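Inside the fold
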Amino acid sequence: MLTTKIGKVGKVLICGMKGVGKTALLEQLIYGNVSVETEFHPTIEDIYVASVDSGRGSREILRLHDSAGLQGKAQLPRHYIHFPDGFALVYDPTDPSSLDMLADIKQDIERNKEKKDVPIIVLANMRSKRREAPPSIFAAQQTNSVNPANQMEIVLNRAISWCSRERIKHYTVNAMERPSLYDPFINLCARLHPPQTKSTFPQLRQVMQKTQKSDV
């Protein structure tokens, strides 16, 4: 018999630059079937449903909306901003421009979202690409001047500093390692559905309960 209560449903938008591995993260989180050989095609729009153990005696439901990756100066469509209860912004630490795009996305959310304290988390996807793509001329020039490992560390440090200033939770995850994805989404779920605070007037509550009993 199913005894676990089903809690509230939270809608979360997964967004970021094209090719940073948003779909791979979701496929791994929900199904755990992603490997370095898994083929992915560009996403138009998709929805995943996750049941999260809240630790409060009920399981919360997350509707995770996978969005098409952005390119250049493209902005999130308006309906992507208005319907979610929370946002997960994904970037590739090997691509500084994917981090720069997150700042634009966050500003766009803040300008157009009616609720200003909407939960936002940032995910650094350490394994966003299935295999290495041929480097561009610009990338080759960067490689000659900066060690790739050092470049990644620079981007990660910049992301952590930005998230600290913006008061956003930053997580380093790996699309090939499912356990690395649990903590971000469990914490996001907890922020979407905080526990109800108990009354600060317990004596008053007891009096009300006694009054109700005497009225029966």
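Everything quoted here is computed from the prediction, not taken from an experiment. (Residues numbered from 1 in each chain as written. Predicted model: local features only at pLDDT ≥ 70, side-chain atom pairs only at ≥ 80, totals over all residues. Heavy atoms only, no water.)

1. Points about the overall build of the chain
Here is the rule: By definition, any uninterrupted DSSP run of H or I lasting at least four residues is a helix, any uninterrupted run of E lasting at least two residues is a strand, and each is numbered from the N terminus. Only protein chains enter the accessibility calculation, which uses a 1.4 Å probe; a residue whose area is less than 20% of its type maximum is buried, one above 50% is exposed, and one in between is partly exposed. All accessibility values rest on the Shrake-Rupley procedure with a 1.4 Å probe; residue burial counts only the protein chains present in the view.
Along the chain, the regular secondary structure elements total seven helices and six strands. Residue burial in the chain is summarised as follows: out of 216 residues, 38% are buried. When the accessible area of the chain is evaluated, it comes to approximately 13200 Å², of which 54% is carbon and sulfur surface.

2. Some details on the side chain of threonine 23
Condition: For this analysis, residues touch if any pair of their heavy atoms sits within 4.5 Å.
Structurally, the position occupied by threonine 23 is in helix α1 (residues 22-30). By relative accessible area, threonine 23 is classed as buried at 15%. Leaving out residues up to four positions away in the same chain, threonine 23 has contacts with Phe40, Thr43, Tyr48 and Asp66.

3. Considerations on the nonpolar core
Using the following cut-off: For our purposes a nonpolar core is just a set of buried Ala, Val, Leu, Ile, Met, Phe, Trp, Tyr and Cys residues, chained together by side-chain atoms within 4.5 Å.
Counting residues in hydrophobic clusters, the biggest one holds 50 residues, and the most contacted among them are Leu62, Leu64, Tyr91, Ile105 and Leu123. Discounting residues that sit within four places of it in the chain, leucine 62 has contacts with Gly10, Val12, Tyr48, Val49, Ala50, Val52, Phe185, Cys189 and Leu192.

4. Details of helix α5 (residues 148-166)
Applicable threshold: By this rule, a helix spans an expected 1.5 Å times one less than how many residues it contains. In this description, the arc belongs to the directions extending from the helix axis to the C-beta atoms.
Under the 1.5 Å per step criterion, the end-to-end length of α5 is 27 Å for 19 residues, consistent within 8% with the ideal 27 Å. Within the span of α5, buried status applies to Gln151, Val155, Leu156, Ala159, Trp162 and Cys163. Buried residues in α5, looked at end-on, bunch into an arc of 135°, giving them a common side. Opposite the buried face of α5, at more than 90 degrees from it, the exposed residues are Ala149, Ser164 and Arg165. Elements that come into contact with the buried residues of α5 comprise β4 (86-91), α3 (96-112), β5 (120-125) and β6 (169-173).

5. Notes on the pattern of salt bridges
Heads up, the condition is: Here a salt bridge means any side-chain nitrogen of Lys or Arg lying within 4 Å of a carboxyl oxygen belonging to Asp or Glu.
One pass over the structure, following the stated rule, counts six salt bridges. Between lysine 11 and aspartate 85 there is a salt bridge whose closest N-O contact spans 3.5 Å. Taken together, the residues lysine 11 in strand β1 (residues 5-16) and aspartate 85 in the loop between α2 (78-82) and β4 connect sequence positions 74 residues apart. With relative accessibility at 28%, the residue lysine 11 sits in the partly exposed group. We classify aspartate 85 as partly exposed; its relative accessible area is 27%.

6. Some points on helix α6 (residues 182-192)
Among the residues making up α6, those that are buried are Pro184, Phe185, Leu188, Cys189 and Leu192. End-on, the buried residues of α6 take up no more than an arc of 130°, which puts them together on one face.

7. Description of the environment of leucine 188
Among the secondary structure elements, leucine 188 is positioned in helix α6. Spatially, the C-alpha atoms of leucine 188 and glycine 10 are 9.6 Å apart, while their sequence positions differ by 178 residues. Leaving out residues up to four positions away in the same chain, leucine 188 has contacts with Val12, Pro119 and Ile121.

8. A few points about the packing of α3 against α5
Relative placement of two packed helices is described by the angle separating their axes and the distance separating the axes. What counts here: Angles shown run from 0 to 180 degrees and are taken between the N-to-C directions of axes, each axis being a line fitted to C-alpha atoms and, for helices, limited to the stretch in contact. Here is the rule for angles: anything less than 35 degrees is roughly parallel, anything more than 145 is roughly antiparallel, 65 through 115 is roughly perpendicular, and the remaining ranges are oblique. Here a crossing is called left-handed whenever its near helix is offset anticlockwise from the far helix by less than a right angle, and right-handed whenever the offset is clockwise. All amino acids are sorted into three groups, where Ala, Val, Leu, Ile, Met, Phe, Trp, Tyr, Cys and Pro are nonpolar, Asp, Glu, Lys and Arg are charged, and the leftover types, Gly among them, are polar.
One way to put it is that α3 packs onto α5 with a least axis distance of 9 Å and a crossing angle of 15°. The angle between the axes of α3 and α5 places the two elements in the roughly parallel class. You can see that α3 and α5 cross each other, and the crossing is right-handed. Of the residues in α5, those touching α3 at Pro96, Leu99, Asp100, Leu102, Ala103, Lys106 and Glu110 are Gln151, Val155, Arg158, Ala159, Trp162 and Glu166. Of the residues in the contact of α3 with α5, the class split is seven nonpolar, one polar and five charged.

9. Notes on the side chain of lysine 22
Quick note on the threshold: When charges are counted, Lys and Arg contribute as positive and Asp and Glu as negative, whereas His and the chain ends are disregarded.
Structurally, lysine 22 is set in helix α1. Within the buried core, lysine 22 has no salt-bridge partner, and the shortest N-O distance to an opposite charge, that of aspartate 66, equals 5.4 Å. If we ignore the near neighbours within four places in the chain, the residues touching lysine 22 are Ile14, Cys15, Gly16, Met17, Asp66, Ser67, Gly69 and Val90.

10. Quick notes on the environment of aspartate 92
What counts, and what does not: N or O atoms closer than or at 3.5 Å make up a polar contact, with two conditions inside protein: a donor-capable atom paired with an acceptor-capable one, and, for residues adjacent in sequence, both atoms drawn from side chains.
Tracing the backbone shows aspartate 92 in the loop between β4 and α3. As a C-alpha pair, aspartate 92 and alanine 124 span 32 residues in sequence and 5.9 Å in three-dimensional space. Of note is the side chain of aspartate 92, whose polar atom sits 2.8 Å from the side chain of threonine 94.

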